[in-house]
Amino acid sequence: MQVQQPKYTGLVADLLPNIRIMQAIGHFIFRYITGPILIRKLYSSVTLVLFLFQFVCILINLGANTDEVSELTANTITALFFTHCITKFIYVALNAEGVYRTMGIWNQSNTHPLFAESDARYHSIALSKMRRLLFLVTLTTCMIAVFWTTLTFFGDSTKLWKDKVANETIVVDIPRLMIKSWYPWNSMSGTFYYISLAFQLYYILFSMLQANLSDVLFCSWVLFCCEQLQHLKGIMRPLMELSATLDTYRPNSAALFRSISAGSKSELILNDEMENEKNSNYDMNISAIYSTKADWGAQYRAPTTLQNFNGMNGSNPNGLTKKQELMVRSAIKYWVERHKHVVRLVSAIGDTYGLALLLHMLTSTIMLTLLAYQATKIDGITVFALGVIGYLLYALAQIFLFCIFGNRLIEESSSVMEAAYSCHWYDGSEEAKTFVQIVCQQCQKAMTISGAKFFTVSLDLFASVLGACVTYFMVLVQLK
Amino acid sequence: MNLSENLRIFVTRIKSYFVSDEVRNFVLFLKDFFPSENVYRLFGFTFFNKLQNNTNQKRQRWQKGIIWTVISIYLFFTILTTIDFAIVIGKPGKFAETVETFGWIAAHGLVLAKIFFFFYWKRDDLMKIVERLDQHFPHSNREQLQFGVIKIYQNLKTLFRIILSVHAWNWLHFVYLPLILFLIENELELLHPIYFPVDPLQPLLYPIFFILQTIDVLAMVFLFVSFETFTSALICITAMEFDVLAQKLSQIDPESDENAEVKLQRIIDAYNDLADIASELEDIFSPLLLIQVFAGIFMICVCIVFMFLPIRIYFMIKFVAGIITLLVQLFCICFYGEQLQISSTRVADEAYNCNWYGKNLKFRKIILLTMLRAQHAQKLTGWKFMDVGLPVFYWSLQTAHSYYSLLSGLYET
C-alpha cells in the first residue's frame, strides 16, 4: 500500500525545499517527513561528530602554532569562521522546537472572499522571492567552496614557524589542503592526502551550507511577513470603500460586492475609476483623487457630517442586505486578525532566531577585527590577498543578508500607518475612522527583530559594523 | 526573642514557603519570604515596624543598640579608609593602595547611602507604596495560574538564591584570603587597607581589627543582598501587575460580553493606579539608582585595575569575585527596570489584541485612548540622567572600561 504524501499547508509548504535541503545536509530537523526518523537521527549525529572532529583538529592546529603572530591570526580567523557553522548547527539542533513552533503559527490563515485574490497574489510573490533567495544562496555557497578549493592549488603551501632555538622564523612545508588543520594521520602525501582533501571539501561545503541555509530560513520568514504586510496595506483602500457603505450613501456600492475575476491585477476599485488606474499603486496617481463623481457633485451624495439614518428603521442608506453588511464587518475583522497574526509570527521569529543572530554578531565582530589586521599586510595580488578579501566579503555578506531583511520588515511595518492615513478615511464610516485611528496608534511602533534584546537587526547595524571595520583598518595602517 | 531564635524562625519560614504553593498577601510575602525583613531585624533595622505593632521595650532597645553598633562600625571604617585614601593619593609606588581604598570608599558610601535612604529618609514613602501594591496584589488562584503569577514568584526565589550565593561567596573570599596569607607566608594583612594612628598589624590589635572588619564586610554583604532583593522585588512585582492587566485586557470581548465596558473601565483605573505607583517608585528610587550605578562603575573599574596589576594570584580571585558580584547587582536593577518598561508598553499591545472591531464605537474610542496612554512607558530613571535598563548596563561596563584605560595610562606615567 502506498503511503500518502501528507499535505503540508501554510508556511511549511512554502518553505519545504529549504527544509528538505537542510535535512539533507544534516540539520537536526525531524518533522515534516515520512519514513523512519531513526536513520535521519543517525545521519545528523554522524554529521555532528565529523564536524566537531574537524573543528577540534582546527583548534589543535591553532594551539600548536601560537608562536608566530601571523600564523596565529590566520588560524584564529579560520577557527572563528567555522565557529559560525558549528554554532548555527548546534543552535538549530537545540532550538528545533522553536523552529517548529514558528512554522506552525502560520499553518492556517483566515480568508475573506473579497480579498482572496490580493492574498493569493502577494503569497505567490513571497513564494517566488523565497525560492529565488534559496537558489541564489545555495549557488553562491557552492561556488565559494569551488573557489576555495581552486585557490588552494595556487601558491606555496607553507607556513611560518618560529624556531625557538635559533630565534628566527623559518618556512615549513605543510600539506596542500584548504584548511590548515592537524590530523591524527600523516596527510602530506599518498592516500591519506586524498582522504583529507575529500573530507575537507565535504566539510567546507556542508558547513557553509548549514550556516547559510539557516540564515535563509530566517530571511524567508521575514520576507513572508513583509509580503503579508504589503497585502494588508493593499487592501486598506477597498476596506475603506466597503466600510463607507455602512453608513454613507455611496452610488456605486453594488460594484464593491462584485467578485473580481481571477486574472485581474488590480485591487478592488470603483467602477468609474477603473479606466484611470493603470496599476494598483494609485496613491501615486494624483489625478485619481478627484476622479470620482462623488467628489465633484453634491447631487449623488449626501454630506457625511449631517447624515443621520437612525430614523430609517435601522436599514442601510445603500440598501445593503444583511449578508452584505455582515461581509463588510467581517472585512475589518479579517484585516485586524491578519495583522495580529503577522505580529505573532514576527515575535515568534524574534524569539526563535534572535539568540543565533547575537552569537553570529559576536563571532563576526572578532573575526572582522582580525581580518582588518590581516588586511594591512596585503602587498599585492597574492593567494593571501585573495583569501583575506574572500573572508572579508563573505563575513560582510552574511551580515548584510539578514540586516537587509530586518530593515525591510521595519520599513514595511511602519508604513502601514502611512497607508492607513493615506486611504480615503474621511469618506468612510465612523467605524472606519476609529479603525484607522486604532491601526495608526498601534503601527507607530515598528515591528523589529532584535538579537536577544541587545541590538535590532537593521541596516544601521550593518553600517556600524562596516564603519567599525574600516576604522580598525585605518588605525592599524597608521600604526604600521 | 534572641538572635538564634530569630534565625531558626527565619529558616523555618523559608522552608515552609518552598513547600506550599499558596501565594500570600504581598506584605506578608515580603515579611516572611525575603531575607530583607528578617535580616534587617538581625542587624537591628526594622522596616515593617508599624505592621508589627511591636511594643516590646526590651526588643526595641536591643534593636536600637544593634543599629547604632552597626552604623558606628561602618562610619568608623569609612572615616579610616577616607583618611588612608587622602594620605596615599599621589604618592609614588602606592598606586594599588590608592585604587583599593577608593573602591572601598565607594562601597561603604553606597551602603551608608542605602541605610540612610531606606530606613530614615524614604521609609514612610516606601511603606505607602507597599500598601498600595498590596491592594492590587491578591489574585484568585485561577488568575494566578492563568497569568503566570506563580512563575514570577519562582523567578524571584531564584533571584534571591543567586544574589545570596554570589554575595556570600564574595564575602568568603574577603575573609579567608588574609588567613591563607597568614598560614602560607606568615604575613598579616587586613581585609581592606585603613589608616590608624597605631599600627593595626600588631599581634595584639590585629585580631580585633580583623573581627571588626569581618563584621563590617558581612553586614555590608547582607545589606546589599537585602536591598537588592527588596528593590528588585518591588520593581518586578509592579511590572508583573502591568503584565497581568495586559493579559486581562486582551481577553475582553464586547461582542459576547455585556460587562465588557465595565471590565475595561476597571482595568483602566487599575492601570492609572499602577502608573501612579510606578512614578512614585521612580521619585523614591531615582537618586539611589544614580548613586548605585556610579558606585558600581567605580568599583568595577577598581576590580579591573587590580586584575591587571602584578599582584599575588590568590588576591586576583578576590577581585574576580568582586566583579561578578557587582555585575550581578547592576544587572538585577537594569533588568527589572527594563521589565517595567516592557510590561507597561505591553498593555498597549494587548489592547490591540482584544476584540475591538465590532459594532461598539464607544468601546473602540476607549481602547484607542488606552493605547495612547499605555504606549508611554513607565520608566525608572537615575535622577533623570539615564533610563535604567539594559542599555545603561552596557554603558556602565563601557564607562568602567574607559576609566580603567585612563587609570592604567596614569599608572604608566
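Note that the coordinates shown come from a computational prediction; the quantities given were computed from them, not determined experimentally.

Asker: Tell me what's going on with the overall build of chain B, and back it up with residues and numbers.
Answerer: Check the secondary structure of chain B and you find 14 helices and zero strands. Along chain B, helices and strands appear, N-terminal first, in the series α-α-α-α-α-α-α-α-α-α-α-α-α-α. Across the 413 residues that make up chain B, the buried fraction comes to 54%. Long-range pairs, those at least 24 residues apart, make up 78% of the contacts in chain B between residues at least 6 apart in sequence. Here chain B has roughly 19,100 Å² of accessible surface; of this, 63% comes from carbon and sulfur atoms.

Asker: Which residues make up the overall build of chain A, and what are the values?
Answerer: When its secondary structure is counted, chain A shows 14 helices and two strands. For chain A, with 480 residues in total, the buried portion stands at 49%. Of the contacts formed within chain A by residues at least 6 apart in sequence, a portion of 76% connects residues at least 24 apart. Carbon and sulfur atoms form 64% of the exposed surface of chain A, whose accessible area is close to 23,300 Å².

Asker: Can you explain the packing of aromatic side chains? Please cite residues and give values.
Answerer: Each aromatic ring pair is characterised by the separation of its centres together with the angle its planes make. Residue and element names in this part refer to chain A. Under the criterion given, the structure shown has 52 aromatic pairs over all chains. Here the aromatic rings of Trp 106 and Phe 224 are separated by 5.1 Å at their centres, their planes lie at 85°, and the arrangement is edge-to-face. Placement of the pair is Trp 106 in the loop between helix H5 (96-105) and helix H6 (116-152) and Phe 224 in helix H7 (residues 191-234), with a sequence separation of 118 residues. You can call Phe 224 buried: its relative accessible area is 2%.

Asker: Before we move on, can you summarise unusual backbone geometry with the specific residues and values?
Answerer: Keep in mind that most residues, glycine aside, have a negative phi and that most peptide bonds are trans. Of note in the backbone geometry, Ala452(A) takes a positive phi value of approximately 50° without being a glycine. Examined against the element boundaries, Ala452(A) turns out to sit in the loop between helix H13 (430-443) and helix H14 (459-479). Phi is positive for Trp383(B), which is not a glycine, with a value near 50°. The residue Trp383(B) is located in the loop between helix H13 (361-374) and helix H14 (390-412) in this model.

Asker: Lay out the interface of chain B and chain A with the relevant residues and their values.
Answerer: Tallying the contact residues gives 19 residues for chain B and 21 residues for chain A. Buried area between chain B and chain A, summed over both chains or domains, comes out near 2,000 Å², and the portion from carbon and sulfur atoms is 62%. Where chain B packs against chain A, one counts two salt bridges. Of the charged contacts, one joins Glu431(A) and Arg364(B) as a salt bridge, the two residues approaching to 3.5 Å between their closest N and O atoms. Scanning the region where chain B abuts chain A turns up eight residue pairs in polar contact (both at pLDDT 80 or more).

Asker: Mind laying out H13(B), listing which residues take part and the relevant values?
Answerer: End to end, H13(B) covers 20 Å across 14 residues, agreeing with the expected 20 Å (1.5 Å per residue, within 8%). Residues Phe363(B), Arg364(B), Ile366(B), Ile367(B), Leu368(B), Thr370(B), Met371(B) and Ala374(B) constitute the buried set of H13(B). Next to the buried residues of H13(B) lie H13 of chain A together with helix H10 (205-250), helix H11 (260-308) and helix H12 (313-353) of chain B. Capping the start of H13(B) is the job of one residue whose side-chain oxygen sits 3.3 Å from the backbone nitrogen of Lys362(B): Asn360(B).

Asker: For a nonpolar patch on the surface, give the residues involved together with the corresponding values.
Answerer: All names here are of chain A. Together, Leu 466, Val 470, Phe 473, Met 474 and Val 477 make up a nonpolar patch on the protein surface, roughly 390 Å² of accessible area in all. Locating Leu 466 in the fold gives a position in helix H14. For Leu 466, a relative accessible area of 33% translates into the label partly exposed.

Asker: Before we move on, can you summarise the pairing of strand S2 (residues 168-173) of chain A with the specific residues and values?
Answerer: Residues and elements named next belong to chain A. Summarising the sheet, strand S1 (residues 158-163) and S2 pair through six bridges and their orientation is antiparallel. Its bridge partner lying in S2, Lys 162 is registered against Thr 169. Between S1 and S2, which pair antiparallel one after the other, the connecting turn spans four residues, and Asn 167 there sits at a positive phi close to 55°.

Asker: Would you mind going over helix H12 (residues 383-422) of chain A in detail, with residue names and values included?
Answerer: When the terminal C-alpha atoms of H12(A) are compared, their 56 Å separation across 40 residues agrees well with the 58 Å that a helix rising 1.5 Å per residue should span. The largest bend along H12(A) measures about 25° and falls at Val416(A).

Asker: Pulling in residues and values, what's your account of the UniProt feature "transmembrane region" (unreviewed entry) in chain A?
Answerer: Residues and elements named next belong to chain A. UniProt's entry tags residues 46-64, 76-94, 133-154, 191-209, 353-375, 381-405 and 454-475 with the feature "transmembrane region" (unreviewed entry), counted in the numbering of this structure. Helix makes up 100% of residues 191-209 and strand 0%, with an end-to-end C-alpha separation of 27 Å. Annotated as residues 454-475, this span is 77% helix and 0% strand, and its ends, taken at the C-alpha atoms, are 27 Å apart.

Asker: Could you give an account of the UniProt feature "transmembrane region" (unreviewed entry) in chain B, with specific residues and numbers?
Answerer: Residues and elements named next belong to chain B. UniProt feature "transmembrane region" (unreviewed entry): in the numbering of this structure it lies at residues 66-89, 101-121, 159-184, 204-225, 288-309 and 315-336. As a span, residues 101-121 carries 100% helix and 0% strand, and end to end its C-alpha atoms are 28 Å apart. When the span residues 288-309 is considered, its composition is 95% helix and 0% strand, and the gap between its end C-alpha atoms is 31 Å.

Thresholds applied
- Residues numbered from 1 in each chain as written.
- Chains lettered and ligands numbered in written order.
- Predicted model: local features only at pLDDT ≥ 70, side-chain atom pairs only at ≥ 80, totals over all residues.
- Heavy atoms only, no water.
- Helix = DSSP H or I, 4+ residues; strand = E, 2+ residues; numbered from the N terminus.
- Buried < 20%, exposed > 50% of the residue type's maximum accessible area, 1.4 Å probe, protein only.
- Contact = heavy atoms within 4.5 Å.
- Areas by Shrake-Rupley, 256 points an atom, 1.4 Å probe, with all protein chains shown as cover.
- Phe/Tyr/Trp six-rings, centres within 6.5 Å; stacked < 30°, edge-to-face > 60°.
- Buried area = accessible area lost by both parts, 1.4 Å probe.
- Salt bridge = Lys/Arg side-chain N within 4 Å of Asp/Glu carboxyl O.
- Polar contact = N/O pair within 3.5 Å; in protein donor to acceptor, adjacent residues only side chain to side chain.
- Expected span 1.5 Å × (residues − 1).
- Patch = residues over 30% accessible without salt bridge, like charges linked within 9 Å, V, L, I, M, F, W, Y side chains within 5 Å.
- Pairing = 2+ DSSP bridges.
- Bend = angle between axes of the 7 residues up to and from the residue.
- UniProt positions renumbered as here; feature names shortened; annotations may be inferred.

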